[in-house]
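The residues making up each chain are set out below.
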Amino acid sequence: MYSWTQLLSNYQHSIGLRSDKTLWVWGYNNSGQLGTNDTINRSSPVQIPSSWNSVTTNGTGTTFYALGIKNDGTMWAW
C-alpha cells in the first residue's frame, strides 16, 4: 500500500501526492481548480494522470489554483 507524502488543502479543495508519485484531488471545483478538465465537485479523491514530484495549492476569495511539477521536470498550472 502506498502512503501519502504530501497533503495540501485550502478553503475549498484538497490535493494529495502519494509515495508512488500519483496525484489525487477532491473538493469544490467551481473554477476547475482540481485539474479534472471539468467543474464537477468531488467528495472522494480522483487521480490526475501522470507521475508527479511535487504540488502546491492556494486560493482566496474567488481565485483558486494549483501548481505541480511532473517527474519529467515540466511545471503545470490549473
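Preceding block: the structure.
Note that the structure is a prediction, hence the values are computed from the model and not measured. (Residues numbered from 1 in each chain as written. Predicted model: local features only at pLDDT ≥ 70, side-chain atom pairs only at ≥ 80, totals over all residues. Heavy atoms only, no water.)

Concerning the packing of aromatic side chains
Then step 1. For the structure on display, the rule yields two aromatic pairs.
Then step 2. Taking the centre distance of 5.6 Å and the plane angle of 65° together, the rings of W52 and W78 count as edge-to-face. Here W52 is found in strand β5 (residues 52-60), whereas its partner W78 is found in the segment after β7 (75-77), with 26 residues between them in sequence.
Then step 3. Its guanidinium or amino end placed over the ring of W4, R18 lies 5.6 Å from that ring's centre, counting from NZ or CZ. (Phe/Tyr/Trp six-rings, centres within 6.5 Å; stacked < 30°, edge-to-face > 60°. Helix = DSSP H or I, 4+ residues; strand = E, 2+ residues; numbered from the N terminus. Lys NZ or Arg CZ within 6 Å of the ring centre and 35° of its normal.)

A short note on the sheet that holds strand β3 (residues 23-27)
Then step 1. Here we have four strands laid out as an open sheet, ordered β1-β2-β3-β4, and antiparallel in their pairing. Looking at which strands have only one partner, the edges of the open sheet turn out to be β1 (4-9) and β4 (42-48). With direction set aside, neighbouring strand axes in the sheet form an average angle of 20°.
Then step 2. Taken together, the five bridges between β1 and strand β2 (residues 13-18) define a ladder with antiparallel strand orientation. Bridge pairing in β2 places W4 opposite R18. (Pairing = 2+ DSSP bridges. Axes fitted to C-alpha atoms, helices over the stretch in contact; angles between N-to-C directions.)

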